[in-house]
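Okay, here's what each chain looks like letter by letter:
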Amino acid sequence: MNIENKVLENGLKIYAINLNDNSSVVSVNVFYKVGSSYEELGRSGIAHLLEHLSFKSTKDHKAGEFDEIIKSLGGVNNACTSFDYTQYYVNISKAHIKKVLKLYSSMMSDLLFNKDEFYKERDVVLEEERLRVGNDAFGYLYNALYNYAFVKSSYHWTPIGFADDIANLTPKIVKDFYNKFYAPNNACIVISGDLEGIDVFSICEELFKDKKPKKIKINKAIEPDRTGLKEINLRFPNLNSNLFALAYKIPAFNHEDFEYLKAISIFLNLDKNSIIKNKMLNDYNLCADLDFYAQSSRAENLFIIFGVCNENVNPKTAIKKLKELINKTKFSKLDARTIYNQLELSINQVKSNASALANGIGKFECFGDANVFLNSLKIQELDYKKLNLVFKHYLKDDNLTQLILKEKV
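What you see is a predicted model; the values in this text were computed from it and never measured.

Asks: Report on the side chain of serine 154, specifying residues and quantitative values.
Replies: Relative to the helices and strands, serine 154 resides in the loop between α5 (137-149) and α6 (163-167). Here the side chain of serine 154 touches serine 37 through a polar contact of 2.4 Å, landing on its backbone oxygen.

Asks: I'd love a proper account of the sheet that holds strand β1 (residues 2-7), names of residues and values included.
Replies: Read across the open sheet, the 6 strands follow the order β1-β2-β6-β3-β5-β4; overall the sheet is mixed. Of all the strands in the sheet, the pair left with one neighbour each is β1 and β4 (76-81). Between one strand and the next, the sheet's axes are offset by a mean angle of 15°, whatever the strand orientation. Across 6 bridges, β1 lies against strand β2 (residues 13-18) in antiparallel orientation. Counted as the bridge partner of valine 7 is lysine 13 from β2. The strands that helix α1 (residues 46-53) touches are β4 and β5 (86-93); relative to β4, the one it contacts most, it runs at about 165°.

Asks: I'd love a proper account of the packing of helix α2 (residues 65-72) against helix α3 (residues 97-109), names of residues and values included.
Replies: Taken N-terminus to C-terminus, the directions of α2 and α3 make an angle of 170°; their axes are 11 Å apart at the nearest point. When the interaxial angle is binned, α2 and α3 end up roughly antiparallel. Contact residues: α2 offers Phe66, Ile69 and Ile70, while α3 offers Val100, Leu103, Tyr104 and Met107. Per-class residue counts for the contact of α2 with α3 are 7 nonpolar, no polar and no charged.

Asks: So what's going on with the nonpolar core? Residues and values would help.
Replies: In terms of nonpolar packing, the biggest core is built from 52 residues, with Leu101, Tyr104, Val174, Ile189, Ile191 and Phe208 touching the most fellow members. It is α3 that provides the largest number of residues to this core, a total of 7 residues. Aside from chain neighbours lying at most four places away, what touches valine 174 is Ile46, Leu49, Leu50, Leu53, Phe113, Phe118 and Leu169. Grouped together as the second largest cluster of nonpolar side chains are 41 residues, Phe244, Met280, Ala318 and Leu387 included.

Asks: Now, about the pairing of strand β8 (residues 243-250): what can you tell me, with residues and values included?
Replies: Along β8, 8 of the 8 residues are buried, which leaves the element largely enclosed by surrounding structure. A two-sided burial pattern is seen for β8, the buried positions comprising Leu243, Ala245, Ala247 and Lys249 on one face and Phe244, Leu246, Tyr248 and Ile250 on the other. Inspection of the sheet shows β8 paired to strand β10 (residues 301-309) by 8 bridges, in the antiparallel sense. Its bridge partner being in β10, alanine 245 is matched across the sheet by phenylalanine 306. The sheet contact formed by β8 and strand β11 (residues 400-407) spans 6 bridges and is antiparallel.

Asks: Could you give me a rundown of the packing of aromatic side chains, with the residues and numbers involved?
Replies: Using the criterion set out here, one finds 27 aromatic pairs in the structure. Members of the aromatic cluster, each reached through a chain of ring pairs, are Tyr32, Phe55, Phe66, Tyr88, Tyr104, Phe113, Tyr178 and Tyr182. The positively charged end of lysine 321 is found above the aromatic ring belonging to tyrosine 284, 4.9 Å away from the centroid. When the ring centre of tyrosine 340 is taken as origin, the NZ or CZ atom of arginine 337, which lies over that ring, is 4.4 Å away.

Asks: I'd like to hear about helix α8 (residues 200-208), residue by residue, with values.
Replies: The periodicity of an α-helix, 3.6 residues per turn, causes residues three or four positions apart to be oriented the same way. Within the sequence span of α8, burial applies to Val200, Phe201, Ile203, Cys204, Leu207 and Phe208. Down the axis of α8, the smallest arc covering the buried residues is 160°, so these residues share one side. Residues of α8 that are buried make contact with β1, β2, α3 and β6 (187-193).

Asks: Could you give an account of the sheet that holds strand β9 (residues 287-294), with specific residues and numbers?
Replies: One open sheet accounts for 5 strands, arranged β7-β11-β8-β10-β9; its pairing is mixed. Whereas interior strands pair on both sides, the edge strands pair on one side only; in this sheet they are β7 (230-236) and β9. In this sheet, adjacent strand axes meet at a mean angle of 15° when their direction is disregarded.

Rules behind the numbers
Residues numbered from 1 in each chain as written. Predicted model: local features only at pLDDT ≥ 70, side-chain atom pairs only at ≥ 80, totals over all residues. Heavy atoms only, no water. Helix = DSSP H or I, 4+ residues; strand = E, 2+ residues; numbered from the N terminus. Polar contact = N/O pair within 3.5 Å; in protein donor to acceptor, adjacent residues only side chain to side chain. Pairing = 2+ DSSP bridges. Axes fitted to C-alpha atoms, helices over the stretch in contact; angles between N-to-C directions. Contact = heavy atoms within 4.5 Å. Parallel < 35°, antiparallel > 145°, perpendicular 65-115°, else oblique. Nonpolar A, V, L, I, M, F, W, Y, C, P; charged D, E, K, R; others polar. Core = buried A, V, L, I, M, F, W, Y, C linked by side-chain atoms within 4.5 Å. Buried < 20%, exposed > 50% of the residue type's maximum accessible area, 1.4 Å probe, protein only. Phe/Tyr/Trp six-rings, centres within 6.5 Å; stacked < 30°, edge-to-face > 60°. Lys NZ or Arg CZ within 6 Å of the ring centre and 35° of its normal. Arc of directions from axis to C-beta.

See below:
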């Protein structure tokens with residue numbers, strides 16, 4: 001694996017990752033350093049709607065033509081919007097890299113925001129919000145977590161946005177957002193896979209050198225310190241099982257504790273090794289499922305525990321037992337070695353996967369430092385004592401937002 005990068009005069013950063021795997025397949029990605037956390041209260045959902053609109057009419061292409069061209073070339077494409085970035089990607093034969101980048105070049109500066117296309121796509125996004133949040137219990141719970149866990153920061157809402165906000169978006173509002181954030185100095189291109197014989201930097205220079213940089217200004221709201229436990233009880237129609245979520249505030253992606261929090265989440269999800277999971281699911285028979293996630297972002301985020309209660313189990317009973325187990329948990333040297341082995345396996349899988357490498361580099365570049373991701377690919381021993389310190393420091397009640405979701409009667 002060989003990784004090179006270059007920055008054009010207009011600020012566009014380009015990564016070329018040659019896996020030397022003779023596959024003739026590449027992953028071509030464009031990341032914009034903008035997601036839902038760059039929006040303002042009352043105008044949520046813009047970044048996600050813009051992602052949809054990016055496949056509509058440009059000066060050079062009709063709506064839907066991007067997808068048609070990629071399909072005709074045998075490629076697969078998609079996009080996603082997160083709190084801190086918007087990603088567009090195509091997996092395709094390396095012979096078509098220039099054709100893909102030409103499409104991305106048009107997307108960066110030439111969207112037309114046709115009114116008919118805009119309102120049709122806005123309706124599509126509203127329907128997506130209804131299905132993913134309004135009609136899905138886990139989606140509803142996930143969104144509610146951020147609504148309650150964050151008060152002032154723009155992590156108060158998730159990338160899908162609030163339905164009322166989406167319904168009030170206009171072509172001008174979204175176009176202004178596009179003109180502000182879609183710029184070469186606010187983007188990075190990451191191309192990974194079999195790049196033998198391909199001069200990625202020359203192609204990007206040719207297609208993107210005329211894109212003009214912009215002054216990017218970001219308003220940052222300061223989130224107040226936590227002062228105690230937040231407990232919220234919610235209702236949802238036609239719920240088959242009671243659900244709960246515990247969300248603990250954790251630091252940004254580049255904090256020294258974050259890698260330990262990620263390692264802890266990996267260990268706690270192991271069916272055979274996680275004492276907490278085994279006791280909750282098997283010994284106590286309180287939960288049908290229990291999952292742990294350390295969420296990474298450019299600012300503080302959440303360590304989330306999602307639980308699905310067994311039939312007739314009171315969520316408060318399950319949460320009480322879960323907290324008792326959390327308080328009793330102590331990681332051993334053997335646990336640290338198990339985590340090390342899991343991380344080594346995961347890292348080796350990432351190193352051999354073009355899409356995973358591109359995703360990691362692009363995402364962390366948007367967070368603020370791709371080197372944090374690259375350093376995470378160098379497996380290091382974990383100090384079991386620090387595992388315990390980090391676990392106890394963050395997973396405590398005065399740092400917790402606790403949600404229970406029961407059936408609406």
